[in-house]
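Spelled out, the chains give:
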Amino acid sequence: MGLGEALARTAMIHIRISGDALEDLNQGFWFYEAQEPGLGDYFLSQLRADIDGLKITAGIHRQPHKHLHRLLSRRFPYAIYYEFGSDQALVIAIVDCRRDPAWIESHLDK
């Protein structure tokens, strides 16, 4: 893929975040905010940056759960699970990787 094709591809990918994923972000915010004031805001800014990166990288990540791709956050132990279509990435869940794997599976299946 040439540079022009890569730029054209990034212009076409739209990112949507489900209500469940927004609730996951909210829970993560409050967890980190309870650890230290201001850390919740830092958590949100880092996860937003990771999600924004999907504009360029959507579709290249492993699919460890059915049809969902998984992007690992760069700064926090969180995984961003998303569906990818031709011009859209839909974030389904944002989960703490320290959770019980059985809980993660059930969370992704709901």
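Everything below is about the structure shown above.
Before going into details, it helps to say that this report is about the structure given with it. (Residues numbered from 1 in each chain as written. Predicted model: local features only at pLDDT ≥ 70, side-chain atom pairs only at ≥ 80, totals over all residues. Heavy atoms only, no water.)

1. Describing helix α3 (residues 39-52)
Cut-off, in case you're wondering: Only DSSP runs of H or I with at least four residues qualify as helices, and only runs of E with at least two residues qualify as strands; both kinds are numbered from the N terminus onward. An expected span of 1.5 Å times one less than the residue number is assigned to each helix. Exposed residues in this analysis have more than 50% of their type's maximum accessible area, buried residues have under 20%, and partly exposed residues fall in between, with area computed by a 1.4 Å probe over protein chains only. Pairs of residues are marked as contacts when any of their non-hydrogen atoms sit within 4.5 Å.
For α3, which comprises 14 residues, the first-to-last C-alpha distance of 20 Å matches the rise-based estimate of 20 Å (1.5 Å per residue) to within 8%. Looking at α3, one finds that the buried residues are Gly40, Phe43, Leu44, Gln46, Leu47, Asp50 and Ile51. Against the buried residues of α3 lie β1 (14-17), α2 (19-35), α4 (54-57), β2 (69-72), β3 (78-84) and β4 (88-96).

2. Some thoughts on the packing of aromatic side chains
Using the following cut-off: Classification of ring pairs uses Phe, Tyr and Trp, with its six-membered ring standing for Trp, and accepts pairs whose centres are within 6.5 Å; under 30 degrees between planes counts as stacked, over 60 as edge-to-face, and the remaining range as tilted.
For the structure on display, the rule yields 8 aromatic pairs. Between Phe43 and Phe76 the ring centres are 5.2 Å apart and the planes differ by 85 degrees, which places this aromatic pair in the edge-to-face class. Of this pair, Phe43 sits in helix α3 while Phe76 sits in the loop between β2 and β3, placing them 33 residues apart in sequence. Considered together, Phe43 and Phe76 belong to a single accessibility category, that of buried residues. Taken together, the ring pairs connect Phe31, Tyr32, Tyr42, Phe43, Phe76 and Tyr78 into an aromatic cluster.

3. A word on the sheet that holds β3
Basically, it comes down to this: For two strands to pair, DSSP has to find at least two bridges joining them. The convention used is that axes are lines fitted to C-alpha atoms, helices contributing only their stretch in contact, and that angles between N-to-C directions extend from 0 to 180 degrees.
Read from one edge of the open sheet, 4 strands run β1-β4-β3-β2, paired in mixed fashion. Both edges of this open sheet fall to β1 and β2, since each of them pairs with a single strand only. Within this sheet the neighbouring strands show an average axis-to-axis angle of 35 degrees, counted without direction. By the bridge criterion, 7 bridges tie β3 to β4 in an arrangement that is antiparallel. Among the inter-strand pairings, Ile80 is bridged to a residue of β4, identified as Ile94. Sheet strands touched by α2: β1, β3 and β4. Its angle to β4, the strand with the most contacts, is close to 35 degrees.

4. Observations concerning α2
For clarity, the cut-off: The directions from the helix axis to the C-beta atoms form the arc being described.
Spanning 17 residues, α2 covers 25 Å between terminal C-alpha atoms, matching the ideal 24 Å at 1.5 Å per step. Turning to α2, its buried residues number three or more, namely Ala21, Asp24, Leu25, Gly28, Phe29, Tyr32 and Glu33. When α2 is viewed along its axis, its buried side chains cluster within an angular range of 165 degrees and face the same direction. Of the exposed residues in α2, those oriented more than 90 degrees away from the buried face are Gly19, Trp30 and Ala34. If you follow the buried residues of α2, they end up packed against β1, α3, β3, β4 and α5 (101-109).

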